[in-house]
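Observations on chain architecture
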Amino acid sequence: MKKYLYIFKYTFINELSYFSKVVFRVVSYFLHIFVFYNVWKYIYQDNNVIAGFSLNQMMWYLILAELFMMADSRVARKRPIEEIKSGSITYIMNKPYSYIGYVFTTYLAEGFIRLIVMVPVSLIFGILFVGPLQDFNIKFIGFMIISFIIGYSLNGLIQILISLFAFFMEDATPMHWLYNKIVLIFGVFFPIDMMPHALQGILKYTPAYVVSYGPTKLAVDFDLMNAIKILGAQSIYLIIVLILVNFIYRRGVKKLNVNGG
Amino acid sequence: MAVIEVKKLCKTFKIKEKEKGLKGSIKSIIKPKYKTKKAVNNISFEVEKGEVLAFIGPNGAGKSTTIKMLTGILFPDKGSINILGYNPIKDRKKLSYEISSVIGQKEQLWLHLTPYDNFKFIGTMYDIPDKIVDKKIQEFIDVFDLSDFINTPVRGLSLGQRIRCEIVAALINEPKILFLDEPTIGLDPVVKENIRTLIKRLNKEYKTTIFLTSHDISDIEKLCKRVIVVNDGTIVMDTTMEDLKYHYLNKKIIDVKMSEEVNLDDEDGITILKDKGYSLKIEVDTTKKNIKDVLNLLNQDHIIDINISNVPLEDIISSIYKKGKK
C-alpha cells in the first residue's frame, strides 16, 4: 500500500508542473455550465418540474456531473494503449509493483489535483448562479461522497479495462469513444429519468448509471432506498470490472509481442 | 557460480503481413495474413557472477528479445531460464528485486521530478527503508559525481546527465545483475566515456554482473572480458574479448583527405578500399602494420582532414558469421 501512496504522492508533485492545465479546465467548465444553464432555463420556461427535476436540481445535477467529467484524467484511456503499442509497458512490468495499480493510482492522483481546485470553485459558482441546492440534507453526505469515489474509481477502471484490449487489437480507441459518449449523454447531459421508460430499464445496466448518474442523483435528490440500490449496483460493477481487468491483463501479458529493442 | 543459465531458449513472433495498396489493406482486414519469425532460436549460455558480458549482434539478431525473456517480460516458447535461482516468468516479482535494466532510448525517470525524488521513489518501490535510501543516494552522489544536478528536474538535464541518472536509478535496489541495452546510444564521445567509467566502477565496487548489448565496438572493447555474438537468433560465437580482438578487431579504417594527390598501393597490412586521388580510404591490419607507419607513408604536411575508426560491428559480425558457415 505504501508504494501506491508514493505513486500518488509523486504523481501529485509531477502534476503540479501542469497546474496551468487545471486553470484552463476551470474556464472550459464555466463555459459548458453557462451554455447549459441558458438551454435549461429556456426549456423550463413553461414547466417547474421535468422528469422529477426542478430547474435548481437539474442545474446542480449538471454542475456536479460535469465536475466529475472535468476531473477525469486521460491517463487511464491513453497510457496503457500507448505503452502497449510502443512496447514501453515492458519496462514497467518488471518492476516490483502492479502495472494496473500503478496506472489506477496515477489516474486517482491526477483527478485529485483537479478536484482540489474544481470542487470549491464549482460550489461557489453553483451557489452564485443557481442558488443553494434545494432539499439538500447534509446528514446524507457520507453516502454521496462514497458513491462519488466509487463512481470515479469505476470510471478509471473501466477505461483501463478498455485500454487493455490494445493487447489483442490494433486500436482500442473507438471503444473509448463509445464508452465516453454513453457516460456523457446518459450520465451527464441528460439524467436517465428523462429518457423513455423502456430505455431507462436498459440504461440502468450501463456504466452511465454507476459512474455518473447514480452518485449525482443521490446528491441532488437523496432517497435512502435509491442510495442502497445505487451503492449495490456500484459494488457489483466494481467486483466484475476488477475481475475482468485482472483476467484481461494476465491474458494480454502472455500474448505480448514486443519485437526488438 | 553461474548467475544466468539459459538452455535451448526459443521465441517466435507472429507478424501481420499486408499486401501493398488499398486492395491489400482491405484484404488484410477481411483475411489477415501472418508470418512467423524466429527471433531467438535454440540458444544456450551461462554467465558467471561478477562477469561483464557483451551480448552483441546486428539489428534484429534477437538481443533485446533475449534480454526481455531473461527479465521476465516475454514468455519463451521453449527452453529454460534460471536467473539467480529464479524462473523469470514464474517469479517475475521476486526477481525484480534482484535485477535491474537500463534501456538506452527509454526514459524510466519521471521528467518533472529531480533525480533525488526519482531515487527516493524507486527506493520505496523496492521496499527499501527511507534511511537506507537516503544513505545510498548520498553514496551515489559521491561515487558517481551527481552533486551538481541532483536537485534539478530531470527534464532540465543534459542527455549524458540523464543517462547517468538512469543507470544510478537502476542501482538503488543493489541489483546482482544489471541489464544494459545500448546504454551509450546517441551520446557524444565524452559522455560515452563517462558512462563507461561509471559501468566499470559499479562492476568493481559493487561486484554487479553486467549483461551489455551495444553497437559501439568501443563500449565492448573497454568494458567486457567476454563476448557472445548473435545473428538471426542463434549464437554465432562465444569467446573472450582478447580472442575477438586478436582475430577481428585488429583492423582500422583511415579516411584521409589530402591537398596533393597520393600514390599508395596495397601492401601487406594495408588495403586501399577507395582511391579518389585526393581522398583515400585505407584499411589497416594493426597486427601487421602500425597506424603511425601508414601515416608516415602519406605526406603528413598535406593532410587536410583525417578520421581513424573501427571496422563497423555489422562488418565484423558478418565476417564471423561467414567464417562460422564455412
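Residues numbered from 1 in each chain as written. Chains lettered and ligands numbered in written order. Predicted model: local features only at pLDDT ≥ 70, side-chain atom pairs only at ≥ 80, totals over all residues.

1. Side note on the overall build of chain A
A count of helical and extended segments in chain A gives 11 helices and two strands. For 261 residues, the compact-globule estimate of 2.2 N^0.38 gives 18 Å, and chain A sits close to it at 19 Å. Expressed as lengths along the three principal axes of its C-alpha atoms, the size of chain A is roughly 65 × 40 × 30 Å. Each of the 261 residues in chain A was classed as buried or not, and the buried ones make up 39%. (Helix = DSSP H or I, 4+ residues; strand = E, 2+ residues; numbered from the N terminus. Rg over C-alpha atoms; globule rule 2.2 N^0.38 Å. Buried ≥ 20, exposed ≤ 12 C-beta atoms within 10 Å, placed from the backbone.)

2. Some thoughts on the overall build of chain B
Regarding its fold elements, chain B presents 11 helices and 13 strands. Projected onto its principal axes, the C-alpha positions of chain B cover 70 × 60 × 50 Å. Counting across all 326 residues of chain B, residues that qualify as buried make up 34%. By sequence separation, contacts in chain B at least 24 residues apart represent 71% of the contacts at least 6 residues apart. (Contact = placed C-beta atoms within 7 Å.)

3. Section: the pairing of strand S13 (residues 303-310) of chain B
All names here are of chain B. Taking burial as the measure, the eight residues of S13 include zero buried ones, a minor fraction of the element. Across seven bridges, the pairing between strand S10 (residues 251-258) and S13 is antiparallel. If you follow aspartate 255 over to S13, its bridge partner there is asparagine 307. (Pairing = 2+ DSSP bridges.)

4. Re the nonpolar core
Across soluble globular proteins, nonpolar side chains show a tendency to be buried alongside one another. Of all hydrophobic cores here, the largest spans 134 residues; its most connected members are B:Leu53, B:Ile177, B:Leu212 and B:Val229. Counting residues per element, this core draws most heavily on helix H3 (residues 55-71) of chain A, at 12 residues. Not counting the four nearest positions on each side in its chain, B:Leu53 is found in contact with B:Val47, B:Ile210, B:Phe211, B:Leu212, B:Cys224, B:Arg226 and B:Ile228. (Core = buried A, V, L, I, M, F, W, Y, C linked by C-beta atoms within 7 Å.)

5. Notes on the sheet that holds strand S3 (residues 52-56) of chain B
The strands making up a sheet associate through backbone hydrogen bonding, with each pair oriented either parallel or antiparallel. All names here are of chain B. Across the sheet, six strands lie side by side as S5-S6-S7-S3-S8-S9; this open sheet has mixed pairing. The open sheet has two edge strands with one neighbour each: strand S5 (99-103) and strand S9 (234-240). For this sheet, the mean inter-axis angle between neighbouring strands, taken without regard to orientation, is 15°. Note: strand S8 (residues 226-231) against S9, six bridges, orientation antiparallel. Considered in S9, the bridge of isoleucine 228 is made with aspartate 238. Its contacts with the sheet put helix H2 (residues 63-70) on S3, strand S6 (177-181), strand S7 (209-213) and S8, and the angle it makes with S6 is roughly 150°. (Axes fitted to C-alpha atoms, helices over the stretch in contact; angles between N-to-C directions.)

6. What to know about the interface of chain B and chain A
Each side of the interface is counted separately: chain B has 29 residues, and chain A has 22 residues. For the side of chain B that touches chain A, the secondary structure elements donating two or more residues are strand S1 (2-17), H2, helix H3 (92-96) and helix H4 (115-125) of chain B. Sorting elements by how many residues they give to the side of chain B that touches chain A places H4(B) first, with four residues. The residue makeup of the side of chain B that touches chain A, split by class, is 12 nonpolar, eight polar and nine charged. (Nonpolar A, V, L, I, M, F, W, Y, C, P; charged D, E, K, R; others polar.)

7. Examining unusual backbone geometry
All names here are of chain B. At asparagine 42, a position not held by glycine, the phi torsion is positive, near 60°. The phi dihedral of aspartate 127 falls on the positive side, at around 55°, and the residue is not glycine. Within the secondary structure layout, aspartate 127 lies in the loop between H4 and helix H5 (130-144).

8. Here's the deal with the sheet that holds S13(B)
All names here are of chain B. Taken in spatial order, the four strands line up as S11-S12-S10-S13 in an open sheet, and their pairing is antiparallel. Edge positions in the sheet fall to strand S11 (270-275) and S13, since each has one partner strand and no second. On average, each strand axis in the sheet is tilted by 20° relative to the strand beside it, whichever way the strands run.

9. Description of the pairing of S5(B)
Residues and elements named next belong to chain B. Among the five residues of S5, five are classified as buried, and the element is accordingly described as predominantly covered. Side chains Ile99, Ser101 and Ile103 project from S5 onto one buried face, and the interleaved Ser100 and Val102 project onto a second face that is buried too. Note: S5 against S6, five bridges, orientation parallel. Across the sheet, residue isoleucine 103 finds its bridge partner in S6, namely aspartate 181.

10. Regarding the packing of helix H7 (residues 141-164) of chain A against helix H10 (residues 207-220) of chain A
All names here are of chain A. For the pair H7 and H10, interaxial distance at closest approach is 9 Å and the crossing angle is 160°. As the angle between them shows, H7 and H10 are arranged roughly antiparallel. The hand of the H7/H10 crossing is left-handed. When H7 is examined against H10, the residues Phe143, Met144, Ser147, Phe148, Gly151, Leu154, Asn155 and Ile158 are found in contact with a partner set consisting of Pro207, Val210, Val211, Ser212, Gly214, Pro215, Leu218 and Ala219. (Parallel < 35°, antiparallel > 145°, perpendicular 65-115°, else oblique. Left-handed = near helix turned anticlockwise from the far one by under 90°.)

11. Quick look at the environment of B:Tyr34
Residue and element names in this part refer to chain B. The residue tyrosine 34 is located in strand S2 (residues 33-48) in this model. When the 9 C-beta atoms within 10 Å are taken as the criterion, tyrosine 34 is described as exposed. Along the sequence, tyrosine 34 and lysine 18 sit 16 residues apart, while their C-alpha atoms lie 8.6 Å from each other. In contact with tyrosine 34, not counting residues within four places along its chain, are Lys14, Ile15, Lys16 and Glu17.

12. So, the confidence of the model for chain A
Taken over all residues, the pLDDT of chain A has a mean of 89, while the share at 70 or more is 98%. Ranking the elements of chain A by mean pLDDT puts helix H5 (residues 90-93) of chain A last, at 79, and H7(A) first, at 95. (pLDDT = per-residue confidence, 0-100.)

13. Let's talk about the packing of H7(A) against helix H11 (residues 224-255) of chain A
All names here are of chain A. Between H7 and H11, the least distance of the axes is 9 Å, while the angle of their chain directions is 25°. Taken as axis vectors, H7 and H11 run roughly parallel relative to one another. You can see that H7 and H11 cross each other, and the crossing is left-handed. Residue composition of the contact of H7 with H11, grouped by class: 20 nonpolar, four polar and no charged.

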